[in-house]
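So you can see what is in the structure, the chains are spelled out below.
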Amino acid sequence: MADAHITVRNLTMAYGSFVLQRDLNFAVNRGDIFVVMGGSGCGKSTLLRHLIGLNEPAQGEVFYGEESFTHADPARRELLVRRIGVLYQSGALWSSMTLAENVGVPLEEFTDLSAAEVREVASLKLSLVGLKGFEDFYPSQISGGMQKRAGLARAMALDPDILFFDEPSAGLDPISSRRLDELIVELRDSLGATIVIVTHELASIFAVGTNSIFLDAESRTMIAMGPPTELRDHADNPTVRRFLLRGENGHE
Amino acid sequence: MTTTAATLGFEQTGDGTLLVRLSGRWHLPDGVPSAEPVERELTGQHRPRAVWFEAAGLEAWDTSVVLYLGRVEEVCRRHGVAVNRGGLPAGVQRLLALAEAVPEATDARGEQMDTGVLERIGVTTLEAQESVLKALEFVGDVFISLGRFVVGRARYRRADLWLLIQQTGIEALPVVALVAFLLGLILAFVGAVQLQSFGAAIYVADLVGVAMARDTGALIAAIVMAGRSGAAFAAQLGSMRVNQEIDALATTGISPIEFLVVPRVIALVLMMPLLTLYADVVGILGGLFVGTTMLDLSFTLYFQQTAAAVSLASVVGGVFKGGVYGVLIAVAGCLRGMQSGRSASAVGDAATSAVVTGIVAIIAAAGAFSVIFYVLGI
Ligand SMILES: Nc1ncnc2c1ncn2[C@@H]1O[C@H](COP(=O)(O)OP(=O)(O)OP(=O)(O)O)[C@@H](O)[C@H]1O
Ligand SMILES: [Mg+2]
């Protein structure tokens, strides 16, 4: 068996007394491209926030490797977090900095590179996402899709072990979205990164996903787990199959 | 073409059916009829077992029909009477079906339940307690991070700090000067009216000088900065929160407090003493202007009188107060910004409440200083 990179045990997520999902149990293996699926509003983004420590579980635990992330002390947590990269649903670029500075901040803070080298690495990362020449633009001067790609460049700045993506292809045209898929697979293969993606794009799900879970809004828990293509062809649960077949041929 | 208004007809048929007849042109801006007549029929002595609709005379319809039918069906459901939509136009039937396709989320509205007065008092008290605890935690975090800054271990960008120093310092000079000069004038006028009657007009110089150096200079600078920088800090951090930029800092492994709050506190702590001194000087010039033009005092005399009255200790005390007000303004602004909700109006509220919090804190601190300085005999 491949070794587990992230393990989630009995996780219950809630905002106050409003329980979103309960009893989530799954493992993301090293090198997986792990897809989190589910209808709008079922708590996918919230699950991501729990995995990266922005929200605390109402119950249960998140492990990174063998180590409990939920119960780690703040200093240890900061070290663990430094090994991850996150692409937010809105891009979340720091609006007072240029693209090069955005990508450069993690490099400045956590490496001993000189200013010129930081700039060079930032340009390289930006060119990987097709934004060569936009180094000195501010986030407000580029389109939403470009902001998303710049956010990806920032997430990759420190060559993280784990990359989290919240709806990376929302707002991208079909060709850019396809290129992004290729980039994601490339990142996994070249950096050996583990990737967790929240997405609705069926094409991407089948193209890149090696494993997945399906969160259900009605029963408030995960109702399926496995490689996406397998779920499409063999899942017992009609909700999952309807989702993966875009609501067509959802015969019981 | 004749236009007929929306009309409704009711008819009880022999077999226990209520026929609701819709006709004319239904147009939302003209209003939606109430379902009360139907309810009256349902509760009358001939209680129908089913409601049917007939829409042969319906000339035009829009949302108003769907809304009305929704009300009627709600009434029927309450009274356990079956509804048959067969007689309705196909489009209306489809819209009704669509509105019902996704069942209402039962707990999504849970928060808005009717609450009694006692419960609301309890909830508000708990919330107040929580917000005080959160504020204390924030202040604690800020001071720990300031400690890290002092020993050179805080993560922030020098360029940001310089920019903030420029914004809070140099760019505030004109407005601080204007307010300080005017307040110097006002103090001198108020003093002159009283002192002239004793032939002691020269003591206007003492009054303005001592007031400016001890308290007023620092207060002027602080209140101007609370309105300028406190609000700006809250709005900046609040909009960064809306855009998830603060989350992004946290998941990059950078403490938002070190990166965003500490430079703002440092900028104000450095600039407020300077602005206080500046306000002192400009305020005294305001007094001098009144003294030389209205009271016929000579420039040298006024100057000497001021220099004799204002002790170094009071100037230093005033400057120290200015620095403390700077911390209060920056912390209040950043606290409100970091606590801001995730919407445009929440950012506006954060800015407003930063100014209010800042000014209340300044006045409270000024009161405390008066007592402390009095006891210490400074
Ligand atoms: N800060 C919050 N406070 C309270 N409730 C929240 C908060 N954020 C999200 N929610 C609720 O949690 C639920 C799940 O939100 P989340 O953003 O995780 O959904 P999602 O699965 O990512 O949806 P989408 O696919 O539309 O992005 C929503 O119903 C929302 O009402
Ligand atoms: Mg989401």
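Each remark here, short or long, concerns the structure printed above.
Throughout what follows, the structure given in this document is the object of discussion. (Residues numbered from 1 in each chain as written. Chains lettered and ligands numbered in written order. Predicted model: local features only at pLDDT ≥ 70, side-chain atom pairs only at ≥ 80, totals over all residues. Heavy atoms only, no water.)

1. Focus: a nonpolar patch on the surface
- There is a patch of nonpolar side chains on the surface, built from B:Leu178, B:Leu182, B:Ile186 and B:Val190 and spanning about 380 Å² of accessible area.
- If you trace the backbone, B:Val190 turns up in helix α6 (residues 173-196). (Patch = residues over 30% accessible without salt bridge, like charges linked within 9 Å, V, L, I, M, F, W, Y side chains within 5 Å. Areas by Shrake-Rupley, 256 points an atom, 1.4 Å probe, with all protein chains shown as cover. Salt bridge = Lys/Arg side-chain N within 4 Å of Asp/Glu carboxyl O. Helix = DSSP H or I, 4+ residues; strand = E, 2+ residues; numbered from the N terminus.)

2. Some points on the coordination of the magnesium ion (ligand 2)
All names here are of chain A.
- Coordination of the magnesium ion (ligand 2) by the protein comes from Ser 45 (OG) and Gln 89 (OE1), over a distance range of 1.9 to 2.7 Å. Taken together, the residues Ser 45 in helix α1 (residues 44-51) and Gln 89 in the loop between β6 (84-87) and α3 (99-110) connect sequence positions 44 residues apart.
- On the basis of relative accessibility, which here comes to 38%, the residue Gln 89 falls in the partly exposed class. (Donors = N, O, S within 2.8 Å, 3.2 Å for Na, K, Ca; no water. Buried < 20%, exposed > 50% of the residue type's maximum accessible area, 1.4 Å probe, protein only.)

3. Here we look at the pattern of salt bridges
- In total, this model carries 24 salt bridges over all chains according to the counting rule given.
- When the shortest N-O distance is used, the salt bridge between A:Arg82 and A:Glu78 registers 3.1 Å. Of this pair, A:Arg82 and A:Glu78 both sit in helix α2 (residues 74-82), four residues apart, which is roughly one turn of that helix.
- Here B:Arg77 makes a salt bridge to B:Glu74, at a shortest N to O gap of 3.2 Å. Here B:Arg77 and its partner B:Glu74 are both found in helix α2 (residues 63-79), three residues apart, which amounts to about one turn of the helix.
- The network of salt bridges with common partners includes A:Arg49, B:Asp247 and B:Arg342.

4. A look at empty space enclosed by the protein
- Tallied over the full model, the rule gives two cavities of 30 Å³ or more.
- Contributing elements (two or more residues each) for the lining of the largest cavity: α2, β6 and α5 (144-155) of chain A together with α8 (245-252) of chain B.
- Classifying every residue of the lining of the largest cavity by side-chain character gives 10 nonpolar, three polar and two charged.
- Together, A:Pro168, A:Ser169, A:Asp181, A:Ile184, A:Ile197, A:Thr199 and A:Ser204 line the second largest cavity.
- Residue composition of the lining of the second largest cavity, grouped by class: three nonpolar, three polar and one charged. (1 Å grid on protein atoms, 1.4 Å probe; cavity = no way out; pocket = protein on both sides within 12 Å on 5 of 7 lines; lining within 4 Å. Points joined across faces, edges and corners; volume = space filled by probe spheres on them. Nonpolar A, V, L, I, M, F, W, Y, C, P; charged D, E, K, R; others polar.)

5. Regarding the side chain of A:Thr46
Residues and elements named next belong to chain A.
- With respect to the helices, strands and loops of the structure, Thr 46 is situated in helix α1.
- For Thr 46, the side chain forms a polar contact with the side chain of Tyr 15, separated by 3.4 Å.
- When near neighbours in sequence (up to four residues on either side) are disregarded, Thr 46 contacts Met 13, Tyr 15, Leu 20 and Asn 55. (Polar contact = N/O pair within 3.5 Å; in protein donor to acceptor, adjacent residues only side chain to side chain. Contact = heavy atoms within 4.5 Å.)

6. Focus on the nonpolar core
- Ranked by internal contacts, the top residues of the largest apolar core, which has 103 residues, are A:Leu47 and A:Phe164.
- Among the elements that make up this core, the one with the highest residue count is helix α9 (residues 256-293) of chain B (16 residues). (Core = buried A, V, L, I, M, F, W, Y, C linked by side-chain atoms within 4.5 Å.)

7. Quick word on the pairing of strand β3 (residues 33-38) of chain A
All names here are of chain A.
- Across the six residues that make up β3, a large majority, six, are buried.
- Across the two faces of β3 the burial is the same, with Ile 33, Val 35 and Met 37 and Phe 34, Val 36 and Gly 38 all buried.
- For β3 and strand β8 (residues 194-198), the ladder comprises four bridges, and the chain directions are parallel. Within β8, the residue paired with Phe 34 across the bridge is Val 196.
- Note that β3 and strand β9 (residues 211-216) share five bridges and pair parallel. Paired with Val 35 across the bridge in β9 is Ser 212. (Pairing = 2+ DSSP bridges.)

8. A look at the site of ligand 1
All names here are of chain A.
- In the region of ligand 1, the neighbouring residues are Tyr 15, Leu 20, Ser 40, Gly 41, Cys 42, Gly 43, Lys 44, Ser 45, Thr 46, Gln 89, Glu 167 and His 200.
- At a separation of 2.7 Å, an oxygen atom of ligand 1 approaches a polar side-chain atom of Ser 45.
- Protein contact buries 60% of the 640 Å² of open area that ligand 1 shows by itself.
- If one sorts the elements of the shell around ligand 1 by residue count, α1 sits on top with three residues.
- Split into classes, the residues belonging to the shell around ligand 1 amount to three nonpolar, seven polar and two charged. (Near = heavy atom within 4 Å.)

9. Let's talk about the layout of surface pockets
- Taken as a whole, the largest pocket spans an internal volume of roughly 1,500 Å³.
- If you go around the largest pocket, you meet 35 residues; those closest to its centre are B:Glu137, B:Asp141, B:Ala250, B:Pro256 and B:Ile257.
- Listing elements by their share of the lining of the largest pocket, those giving two or more residues are α2 of chain A together with α4 (117-150), α8, α9 and α11 (312-338) of chain B.
- Classifying every residue of the lining of the largest pocket by side-chain character gives 15 nonpolar, eight polar and 12 charged.

10. As for the packing of aromatic side chains
Residue and element names in this part refer to chain A.
- Scanning the entire structure with this criterion turns up 10 aromatic pairs over all chains.
- Ring plane angle 15° and centroid distance 5.4 Å describe the contact between Phe 26 and Phe 34, whose orientation is recorded as stacked. One exposure class covers both Phe 26 and Phe 34, and it is buried.
- Geometrically, the ring pair formed by Tyr 64 and Phe 69 is stacked, given 4.7 Å between the ring centres and 20° between the ring planes.
- Looking at Tyr 64, the relative accessible area reads 8%, which means it is buried. (Phe/Tyr/Trp six-rings, centres within 6.5 Å; stacked < 30°, edge-to-face > 60°.)

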